[in-house]
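# Results of the structural survey
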Amino acid sequence: MRAAELFEQRVKPTEVARRLRVSPKSAYQWHQLWREGGAEALNSLGPGGSRCRLSPRCLEKLAAYLDQGPAAHGWVEDQVWTAARVATLIGRKFHVTYSASGATRLMHRLGFSPQVPARRVAERDEQAVTAWKESQ
């Protein structure tokens with residue numbers, strides 16, 4: 001890691017922060033870690049945040065449920081998956097609590113986006129639409 005090399009050269013944390021374009025606070029934290037554990041202590045611990053609470057199999061099932069559409073799961077008023085609906089669906093099917101923002105991130109991970117209809121409205125009358133277009 002570049003920060004460890006700079007600390008070994010006795011470069012001050014404020015200068016390390018400037019050179020590596022990070023906050024001085026981060027550079028001081030790195031410097032403390034480096035002093036206590038050397039360059040090994042600066043290795044990444046992996047991505048931050050909490051791990052997904054659904055197994056890969058549950059994620060596959062969730063994607064299948066989302067493909068079925070909201071009406072198949074009790075939301076008949078429209079064909080829109082909202083983050084709140086997905087969070088509710090996850091709770092009902094998998095007994096796991098997700099916030100609306102967490103459900104949004106999960107949907108994006110699965111290739112869906114909330115608040116956007118995936119299909120045409122169930123009540124759509126194609127003949128009426130065609131007749132209207134022809135009359136214009």
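Here goes a summary of the coordinates provided.

The rules behind the values
Residues numbered from 1 in each chain as written. Predicted model: local features only at pLDDT ≥ 70, side-chain atom pairs only at ≥ 80, totals over all residues. Heavy atoms only, no water. Helix = DSSP H or I, 4+ residues; strand = E, 2+ residues; numbered from the N terminus. Contact = heavy atoms within 4.5 Å. Areas by Shrake-Rupley, 256 points an atom, 1.4 Å probe, with all protein chains shown as cover. Phe/Tyr/Trp six-rings, centres within 6.5 Å; stacked < 30°, edge-to-face > 60°. Buried < 20%, exposed > 50% of the residue type's maximum accessible area, 1.4 Å probe, protein only. Lys NZ or Arg CZ within 6 Å of the ring centre and 35° of its normal. Core = buried A, V, L, I, M, F, W, Y, C linked by side-chain atoms within 4.5 Å. Axes fitted to C-alpha atoms, helices over the stretch in contact; angles between N-to-C directions. Parallel < 35°, antiparallel > 145°, perpendicular 65-115°, else oblique. Left-handed = near helix turned anticlockwise from the far one by under 90°. Nonpolar A, V, L, I, M, F, W, Y, C, P; charged D, E, K, R; others polar.

### Thoughts on the overall build of the protein chain
- A count of helices and strands for the protein chain gives seven helices and zero strands.
- Moving toward the C terminus, one meets the helices and strands of the protein chain in the order α-α-α-α-α-α-α.
- Each principal axis of the C-alpha distribution contributes one length, and for the protein chain these read about 80 × 45 × 20 Å.
- Of the contacts made within the protein chain by residues no fewer than 6 positions apart, 46% connect residues no fewer than 24 positions apart.
- A total accessible area of about 9600 Å² is found for the protein chain, and carbon and sulfur atoms account for 51% of it.

### Quick look at the packing of aromatic side chains
- Evaluation of the coordinates by the stated rule reveals three aromatic pairs.
- Pairing Phe 7 with Trp 34 gives two aromatic rings, centres 5.5 Å apart and planes at 40°, and the pair type is tilted. Remark: Trp 34 occurs in helix H3 (residues 24-37) and Phe 7 occurs in helix H1 (residues 2-8); sequence separation between them is 27 residues. Trp 34 shares its class with Phe 7; the two are buried.
- A ring pair is formed by Trp 75 and Trp 81, whose centres lie 5.7 Å apart and whose planes are at 70°; its orientation type is edge-to-face.
- Accessibility expressed as a relative area gives 12% for Trp 75, which makes it buried.
- Sitting above the plane of the Tyr 98 ring, Arg 53 keeps its charged end 4.4 Å from the centroid.
- Over the ring of Tyr 65 we find Lys 93, and its NZ or CZ is 5.0 Å from the ring centre.

### A look at the nonpolar core
- Leu 54, Leu 62 and Ile 90 are the most contacted members of the largest nonpolar core, which totals 19 residues.
- Of all the secondary-structure elements, those providing two or more residues to this core are helix H4 (56-68), helix H5 (83-94) and helix H6 (100-109).
- With residues near it in sequence (within four places) discarded, Leu 54 still touches Leu 59, Leu 62, Ile 90, Phe 94, Val 96, Tyr 98 and Leu 106.
- Core analysis: the second largest hydrophobic core is formed by eight residues, Phe 7, Val 16, Trp 34 and Leu 42 among them.

### Quick look at the packing of helix H2 (residues 13-20) against H3
- Where H2 meets H3, the axes come as close as 8 Å, and the angle between the chain directions of the two elements is 120°. Considered as vectors, H2 and H3 are oriented oblique to each other. The handedness of the crossing between H2 and H3 comes out as right-handed. For the pair formed by H2 and H3, the contact residues are Pro 13, Thr 14, Ala 17 and Leu 20 on the first element and Pro 24, Ala 27, Tyr 28, Trp 30 and His 31 on the second.
- Within the contact of H2 with H3, the residues separate by chemical class into seven nonpolar, two polar and no charged.

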